[in-house]
Amino acid sequence: MIQSIWEYFHHLPNVLAIWIECYCNQIVCCCICMLIALYYIQRCRIERAELKEKINMKKDECRESWKKIAKHPSASGHRVTTRQSHKIEILDLPLEMLLKKLQSDENVCAVDVLTEYQQKAHEVNGKFNCVVEPIKEAEYLAKNCDEMRKKNKQHKRPLHGLPVSLKECYFLKGYDCTAGMSNYIGKPCEEDAVIVQVLIKQGAIPFVRTNIPQTMLIYDCSNPIYGKTLNPHNDKRTPGGSSGGEGCIIAAKGSLLGFGSDIGGSIRIPCHMCGVCGLKPTYRRLSAKGTFDLMSGQTLINAAIGPMAQDVTSLVIAMKALLCDDMFDLDPTVPPIPFRTEIYEKTNELKIGYYVFDGYLKPVPACKRAVMDAKDILEREGHKLIPFEVPDLKEIFTEIYLPVIFGDNTQMLLEHLKNDVIDPGISLAVTNWSLPKCVQWLMSWVMSSVYNDNVIGKGIRSTSQSRNVYDWWKLAERLEEYKKKFLSLWRSLELDALICPGFAFPAVPNGEVFNVLGGVTYTALYNLLDYPAGTVPVTKVTREDEAGMKDYPSRTRYERFIRKYFSEGTVGLPVGIQCVGLPYQEELVLRVMKMVENDAPFRR
Ligand SMILES: CCCCCCCC/C=C\CCCCCCCCCCCCCC(=O)NCCO
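Predicted model only: the values in this text are computed from it and were never measured.

Asker: What is the right way to read the UniProt feature "domain: Amidase" (unreviewed entry) in the protein from this model?
Answerer: In this numbering, the UniProt entry assigns the feature "domain: Amidase" (unreviewed entry) to residues 112-590. What you have in residues 112-590 is 42% helix and 13% strand, and the ends, taken at the C-alpha atoms, are 31 Å apart.

In structure tokens, the structure reads:
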């Protein structure tokens, strides 16, 4: 025994030598691989640390901006009016009245109004995290407004001295426009968006920038730079998105008028979930030049920009002010159609279509009831309401909308997100898109059966499919065919407008949006058609609505999630409806919205 051990060790160097000789190549290869792996791990660590550092610097920069504003002498913490004798609670005035005072009451000046709104926005932001950063130039603009009025009493611009909030995706000279992606930190914009230029020319004062979800392609409101925005009606729920910061600040009375963008519902969804009003116009009605477009080469379905406010009158005031020569000059692709007050104010009888179910996910009882309440209101006003059925919703969503939106099989989106910190809300989608195509294909079938829902499988496949020019032309052709079909249905019923659910359900619990993404069909349809659509709050969820959830279907995983999220904890959440018109009929859409608003139980 001892002998054999001795022999083994005696020959060990030889054994090792032979072993090393045989496996030398493999050992060298392994070492090289390990070194390369270590190098990449280390590089990733350094890049991560740099990203975190970048994000923290951005956060500090935003905090500093707030501090500078708080130091302003007029920001003293109590109500400020130019003359104490003239007691006005600035923050209690609706936009129309505040504007009148700003335009013609010597006792109300733009600087004081700005200060009030800056403070309120700061307070609201502390609770719900809806503001990205304040706009430093606001004070200069407000002072300028006051100077101009002092010099000329007749000086009355349509939005004179009115503070307005802007979604983070609007370009502002000197400010980063990130869409929640740290790759865009430290790359300030060179000029203001057209809409910002026009707002300023019309006397408005952009004063805060509001939060968005990373990429703005999900109806939530969270990103790794600025964090998560909460719903002011229930902080356990999302304000919706992607213009969620806007929805939140307006609902919480920290802003009277704001601007969002919408390619699938991003103006209308937060309006519905926060209980405010918003208009997604026809794409070209307002200039979108100078807003962050993550898929700028995709021109079949476009992101429209539009106003959001506490009431419909404020939207009308905004549209009237914006549809002016300055806009038509700055962006000649905008058709020079000023706001047609005669259409908005007309009192003729209208024929209005309505539906509660679009053909994919059933609306929860509160969303269904909101449409029926609006129908009653419009009928009482003397209009004729007729049932409408959306044609081929599931097909057009999976065979046109998603293939167009993700037409490059998400290549551009992944380029924007390259090496970035990914928000948990979209990480599953981004991980899936980063996998080889065949695996994505496989995943689509797995998900289809897990969800027991063909729309999911087809949806995922449509985002991972490579397309050539021929395929793209075919898509464009199908889109045109569907537009034609929808219009001829509309015409055959002789409709003037249409009303339908604001969304399939009210505000979703925080962090759960990805589980119920399919709700977007209710809003995305009107992006696909490029019809103007506005959202107006109608009602709030009641106990009876919640009780009615026991009859909600539970065949698919989406349906089971909806049952779970909306069977309790939803009483009091706002619920809106959408009013829809034919392209360029924004005035008519606003007229219908106004009629619904006048009699809706929401504010009672
Ligand atoms: C970045 C996350 C997107 C997730 C997409 C996952 C696709 C999964 C496929 C099928 C499931 C069906 C569910 C439908 C997904 C809908 C995705 C589009 C959502 C658009 C939301 C609103 C965006 C918007 O209007 N943004 C404004 C931009 O200016």
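Asker: Just to check I follow, could you spell out the packing of aromatic side chains for this structure?
Answerer: When we look at a pair of aromatic rings, we describe it by the centre distance and by the angle of the planes. Applying the stated criterion to the full structure yields 18 aromatic pairs. Geometrically, the ring pair formed by Phe339 and Tyr344 is edge-to-face, given 6.1 Å between the ring centres and 65° between the ring planes. Under the relative-accessibility criterion, Phe339 is labelled buried at 10%. Arranged with centres 5.0 Å apart and planes meeting at 25°, the rings of Phe505 and Phe566 form a pair that is stacked.

Asker: Explain the packing of helix H18 (residues 469-492) against helix H19 (residues 521-529) here, please?
Answerer: To describe two helices that pack against each other, one gives the angle between their axes and the distance between the axes. Between H18 and H19, whose axes approach to 10 Å, the crossing angle comes to 105°. Judged by the angle between their axes, H18 and H19 are roughly perpendicular. For the pair formed by H18 and H19, the contact residues are Leu479, Tyr482, Lys483 and Phe486 on the first element and Leu525, Tyr526, Leu528 and Leu529 on the second. The residue inventory of the contact of H18 with H19, partitioned by class, reads seven nonpolar, no polar and one charged.

Asker: Quick question: what am I supposed to make of the sheet that holds strand E8 (residues 304-309) here?
Answerer: Pairing between the strands of a sheet comes from backbone hydrogen bonds, and it takes one of two forms, parallel or antiparallel. The strand order across the open sheet built from 11 strands is E1-E3-E2-E6-E8-E7-E12-E13-E11-E9-E10, with neighbouring strands paired in mixed fashion. Both outer strands of the open sheet, strand E1 (131-134) and strand E10 (384-387), are each paired with one neighbouring strand and no more. Averaged over all adjacent pairs, the angle separating strand axes in this sheet is 30°, with direction ignored. Direction of pairing for strand E7 (residues 277-280) relative to strand E12 (residues 533-540): antiparallel, over a ladder of three bridges. Residue pairing for E12: Lys280 is matched across the bridge by Ala533. Packing against the sheet, helix H9 (residues 312-322) makes contact with strand E6 (257-262), E7, E8 and E12, and its axis sits at approximately 135° to E8.

Asker: Whenever I open this one, the pattern of salt bridges confuses me. Can you help?
Answerer: Close approach of charged atoms allows side chains of opposite charge to pair. Counted according to the given criterion, the structure contains 28 salt bridges. For Glu61, the salt bridge identified is with Lys58, shortest N-O distance 3.3 Å. Here Lys58 and Glu61 lie together in helix H2 (residues 12-70), a separation of three residues that amounts to about one turn. On the basis of relative accessibility, which here comes to 2%, the residue Lys58 falls in the buried class.

Asker: Sorry if this is basic, but what is going on with the environment of Cys145 here?
Answerer: Tracing the backbone shows Cys145 in helix H5 (residues 138-151). We classify Cys145 as buried; its relative accessible area is 2%. Among residues more than four places away in sequence, those in contact with Cys145 are Ala110, Arg157, His160, Gly161, Gly203 and Ile205.

Asker: Just checking my understanding: could you explain helix H22 (residues 586-599) for this structure?
Answerer: One turn of an α-helix holds 3.6 residues; hence residues three or four places apart share an orientation. Its 14 residues give H22 an end-to-end C-alpha distance of 21 Å, which sits within 8% of 20 Å, the value for a rise of 1.5 Å per residue. Across the 14 residues that make up H22, a large majority, 11, are buried. Of the positions making up H22, those classed as buried are Glu586, Glu587, Leu588, Val589, Leu590, Arg591, Val592, Met593, Met595, Val596 and Glu597.

Asker: Sorry if this is basic, but what is going on with the UniProt feature "binding site: substrate" (unreviewed entry) in the protein here?
Answerer: UniProt marks Met216, Ser242, Ile263, Gly264, Gly265 and Ser266 with the feature "binding site: substrate" (unreviewed entry), using the numbering shown here. Across 51 residues, the annotated set stays spatially compact, with a maximum C-alpha separation of 10.6 Å. Structurally, Met216 is set in the loop between strand E3 (205-210) and strand E4 (222-223). Not counting chain neighbours up to four residues away, the residues in contact with Met216 comprise Lys167, Cys169, Ala179, Ser242, Ser266, Phe292 and Leu294. Counting through the fold element by element, Gly264 comes out in the loop between E6 and helix H8 (268-274). Look at Gly264 and you get buried, because its relative accessible area is 14%. Not counting chain neighbours up to four residues away, the residues in contact with Gly264 comprise Ile269, Tyr401, Val520, Thr523, Ala524 and Asn527.

Asker: What's the story with the site of the ligand in this structure? I'm lost.
Answerer: Contacts to the ligand come from 21 residues, most closely from Met216, Ser261, Ile263, Gly264 and Ser266. Here Met216 contributes a backbone N or O atom positioned 2.8 Å from a nitrogen atom of the ligand. Out of a free accessible area of 760 Å², the ligand has 96% covered by protein chains. Mapped by element, the contributors of at least two residues to the shell around the ligand are E6, helix H13 (393-405), helix H15 (424-434) and helix H17 (454-464). Residue composition of the shell around the ligand, by class: 13 nonpolar, seven polar and one charged.

Asker: Sorry, what's going on with the side chain of Asp105 here?
Answerer: Mapped onto the secondary structure, Asp105 falls in the loop between helix H3 (95-104) and helix H4 (110-128). Reaching out from Asp105, the side chain makes a polar contact with the backbone nitrogen of Asn107 at a distance of 2.8 Å.

Asker: Help me understand a nonpolar patch on the surface, please; the structure alone is not making it clear to me.
Answerer: Taken together, the side chains of Val28, Ile32, Ile36, Tyr39 and Tyr40 define a hydrophobic patch exposed on the protein surface, amounting to about 490 Å² of accessible area. Here Tyr40 lies in helix H2. Taking the relative accessible area as the measure of exposure, Tyr40 reaches 43% and is therefore partly exposed.

Asker: Help me out: how do you make sense of the side chain of Asp220 in this one?
Answerer: Along the polypeptide, Asp220 turns up in the loop between E3 and E4. Side chain to side chain, Asp220 and Thr238 meet in a polar contact 2.8 Å long. With sequence-adjacent residues up to four places away left out, Asp220 is seen in contact with Pro213, Thr238, Gly240, Gly241, Ser242, Gly511 and Val513.

Asker: What's the story with the packing of H13 against H17 in this structure? I'm lost.
Answerer: Between H13 and H17, the least distance of the axes is 9 Å, while the angle of their chain directions is 20°. With respect to each other, H13 and H17 are oriented roughly parallel. As H13 packs across H17, the resulting crossing turns out to be right-handed. When H13 is examined against H17, the residues Lys394, Phe397, Thr398, Glu399, Leu402 and Pro403 are found in contact with a partner set consisting of Val455, Lys458, Gly459 and Ser462. Split by residue class, the contact of H13 with H17 holds four nonpolar, three polar and three charged.

Quick notes on the rules
- Residues numbered from 1 in each chain as written.
- Predicted model: local features only at pLDDT ≥ 70, side-chain atom pairs only at ≥ 80, totals over all residues.
- Heavy atoms only, no water.
- UniProt positions renumbered as here; feature names shortened; annotations may be inferred.
- Helix = DSSP H or I, 4+ residues; strand = E, 2+ residues; numbered from the N terminus.
- Phe/Tyr/Trp six-rings, centres within 6.5 Å; stacked < 30°, edge-to-face > 60°.
- Buried < 20%, exposed > 50% of the residue type's maximum accessible area, 1.4 Å probe, protein only.
- Axes fitted to C-alpha atoms, helices over the stretch in contact; angles between N-to-C directions.
- Parallel < 35°, antiparallel > 145°, perpendicular 65-115°, else oblique.
- Contact = heavy atoms within 4.5 Å.
- Nonpolar A, V, L, I, M, F, W, Y, C, P; charged D, E, K, R; others polar.
- Pairing = 2+ DSSP bridges.
- Salt bridge = Lys/Arg side-chain N within 4 Å of Asp/Glu carboxyl O.
- Expected span 1.5 Å × (residues − 1).
- Near = heavy atom within 4 Å.
- Polar contact = N/O pair within 3.5 Å; in protein donor to acceptor, adjacent residues only side chain to side chain.
- Areas by Shrake-Rupley, 256 points an atom, 1.4 Å probe, with all protein chains shown as cover.
- Patch = residues over 30% accessible without salt bridge, like charges linked within 9 Å, V, L, I, M, F, W, Y side chains within 5 Å.
- Left-handed = near helix turned anticlockwise from the far one by under 90°.

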